[in-house]
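Given next are the chains, with one letter for each unit.
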Amino acid sequence: MKVRTLHFAPARVTPGMKLAKAVSDRDGHALLASGTALDAEILDRLIRRGVESVAVLVEDLRDEETIATELRLAEERVAAIFRGLGSTARAVLHSAILNYRLESLK
Amino acid sequence: MSPPGLDELSFHAEALPSLPEVVNYLIRSLKDDGADVDTIANHINSDPAITARLLAAANSVGSGLSSRIHSAKQAFIVLGVDRIVSIILASALIHRFDTGGSAFDARMLWRHSLGVANCARVLAGQTGLDPDVAFTAGLLHDIGQLLMYTASPIDYVQTLELRRDTDISIVSAEQAIFGYDHTQAGRALAQTWKLPIAIEEAICAHHDPDDVGSEMGNLIHVSEVLSHALDLGEQPNNLVPDLSELACANLGLSWPKLTGHFAEIEARYDGLCLALGL
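Residues numbered from 1 in each chain as written. Chains lettered and ligands numbered in written order. Predicted model: local features only at pLDDT ≥ 70, side-chain atom pairs only at ≥ 80, totals over all residues.

Q: Can you walk me through the domain arrangement of chain B in this structure?
A: Where the parts come together, the accessible area they lose is often given as the size of the interface. All names here are of chain B. Partitioning chain B into structural domains gives domain 1 (17–96) and domain 2 (103–278). Averaged C-alpha coordinates put domain 1 and domain 2 at centres separated by 23 Å. Each partner contributes to the interface: domain 1 provides 16 residues, whereas domain 2 provides 15 residues. Counting residues per element, the side of domain 1 that touches domain 2 draws most heavily on helix 6 (residues 81–96), at nine residues. In the side of domain 1 that touches domain 2, the residues fall into 11 nonpolar, three polar and two charged. (Domains from an automatic or database assignment. Contact = placed C-beta atoms within 7 Å. Helix = DSSP H or I, 4+ residues; strand = E, 2+ residues; numbered from the N terminus. Nonpolar A, V, L, I, M, F, W, Y, C, P; charged D, E, K, R; others polar.)

Q: Help me understand the domain arrangement of chain A, please; the structure alone is not making it clear to me.
A: Considered domain by domain, chain A is made up of domain 1 (3–59) and domain 2 (64–105). Each of domain 1 of chain A and domain 2 of chain A has a C-alpha centre, and these two points are 27 Å apart.

Q: Honestly, the sheet that holds strand 2 (residues 18–19) of chain A in this entry has me stumped. Any pointers?
A: Strands pair in a sheet through their backbones, by hydrogen bonds, and they do so in one of two ways: parallel or antiparallel. Here three strands make up an open sheet; going across it, the order is 1-5-2 (chain A) and the pairing antiparallel. Looking at strand neighbours, the two that pair on one side only are strand 1 (3–8) and strand 2 of chain A, the edges of this open sheet. (Pairing = 2+ DSSP bridges.)

Q: Which parts of the structure should I look at to understand the environment of B:Asp98?
A: Structurally, B:Asp98 is set in the loop between helix 6 and helix 7 (106–127). In sequence terms B:Asp98 and B:Trp110 are 12 residues apart; their C-alpha atoms lie 9.2 Å from each other.

Q: Sorry, what's going on with the environment of B:His261 here?
A: Residue and element names in this part refer to chain B. In this structure, His261 sits in the loop between helix 16 (255–258) and helix 17 (262–276). For His261, a count of 17 C-beta atoms within 10 Å gives the class partly exposed. Here the alpha-carbon distance between His261 and Leu123, two residues 138 residues apart in the chain, equals 9.1 Å. (Buried ≥ 20, exposed ≤ 12 C-beta atoms within 10 Å, placed from the backbone.)

Q: Would you take a moment to explain the packing of helix 4 (residues 48–61) of chain B against helix 6 of chain B for this structure?
A: Packed helices, taken two at a time, are described by their axes: the angle between them and the distance between them. Residue and element names in this part refer to chain B. Remark: helix 4 packs on helix 6, axes separated minimally by 10 Å, with the N-to-C direction vectors making an angle of 120°. Between helix 4 and helix 6, the interaxial angle falls into the category oblique. When the axes of helix 4 and helix 6 are compared, the crossing they make is right-handed. Along its contact with helix 4, which presents Ile50, Arg53, Leu54, Ala57 and Ala58, the element helix 6 presents Ile84, Ile87, Ile88, Ser91, Ala92 and His95. In terms of residue class, the contact of helix 4 with helix 6 is built from eight nonpolar, two polar and one charged. (Axes fitted to C-alpha atoms, helices over the stretch in contact; angles between N-to-C directions. Parallel < 35°, antiparallel > 145°, perpendicular 65-115°, else oblique. Left-handed = near helix turned anticlockwise from the far one by under 90°.)

Q: Help me understand the interface of chain B and chain A in this model?
A: Chain B puts 35 residues into the contact, and the matching count from chain A is 29 residues. For the side of chain B that touches chain A, the secondary-structure elements that each account for two or more residues are helix 5 (72–79), helix 6, helix 14 (215–229), helix 15 (245–251), helix 16 and helix 17 of chain B. Among the elements that line the side of chain B that touches chain A, the one with the most residues is helix 17 of chain B, at nine residues. Here the residues of the side of chain B that touches chain A are counted per class, giving 16 nonpolar, 10 polar and nine charged.

Q: What am I meant to see in the packing of helix 8 (residues 131–140) of chain B against helix 13 (residues 197–205) of chain B here?
A: Residues and elements named next belong to chain B. Packing of helix 8 against helix 13 brings their axes to within 9 Å, and their N-to-C directions diverge by 45°. Considering the angle they form, helix 8 stands oblique to helix 13. Every pair of crossing elements has a handedness; the one defined by helix 8 and helix 13 is right-handed. Residues Val133, Thr136, Ala137 and Leu140 of helix 8 touch helix 13, and the partners they reach there are Ala198, Ile199, Ala202 and Ile203. Considered class by class, the residues forming the contact of helix 8 with helix 13 number seven nonpolar, one polar and no charged.

Here it is, written out as structure tokens:
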């Protein structure tokens, strides 16, 4: 089974999903290890500890054609929002955003 | 009739609803470590509309919780003071300054402001600035647009049309029609409302931080650009503004290093929009 890592707010997580990365609270205290399966009780605890985002493993059901389309659309959107000229700092950010978008869709 | 001058805006500021007392209190108590849960909860309970929205938002954030949240104090204990203060500020501002049904889409403005506030809170954690002040400054950074719209709705709608039709920045369009822009209008409003100086500087500096030279101004400027770059709010004509080299250098930011936080920022933004019904 092919899986990918996605980030969600705890309120968006479906019980049964597994953590792709360890979770810490805002003070840096470790709460849960990578690989932990999230059930309703654990999600309850994360919300109470102020956790606002978790990385989970999700089965990747996309075929090659869908992935290629998503990559092309993402590239076009990034080019559109970064239209026009700007500083070197903006160009560095442009490059970081494009890499991030393409990596997260692969 | 020509648009109102910058010096006339303070008269129009009275037409904007004032900040609710509880929001004023929260902005002032952000840096007060002595503020305890009971005192803050009592202040919130004094405003039934805000209490009702807090409970709705808290139960939405905590949709996985085993029991419903029924009181402001319970919300504080369950979700934590920092998080609740952010929710109350955002919820109160969005509802207080709703221009629903008009040509000016305040909902889109708030979605953008929430995006900037969210980026500011994460970036503050990387730069040693106060994350709660950063969040509030992000929420309020475009408040000058609301003041300009209130002062002269026809001229402001014309400004938005000029921006859309010629693909120029909002600041350039405002300068062309009004002779000043929303950073100046926002500063005037911040002074009228007696907001903390760091927030006033952030409002003033968010498009052109180098002239102001304020740490919070630099942070909100970078957060504004990052929020556009991550497409938070997904405005159809979204354009990433120029980014100040000096602001990035003064904050010590490294984009390749910050890339690891982008997915987290997007997930947090989604959670906040969900909580606030935006």
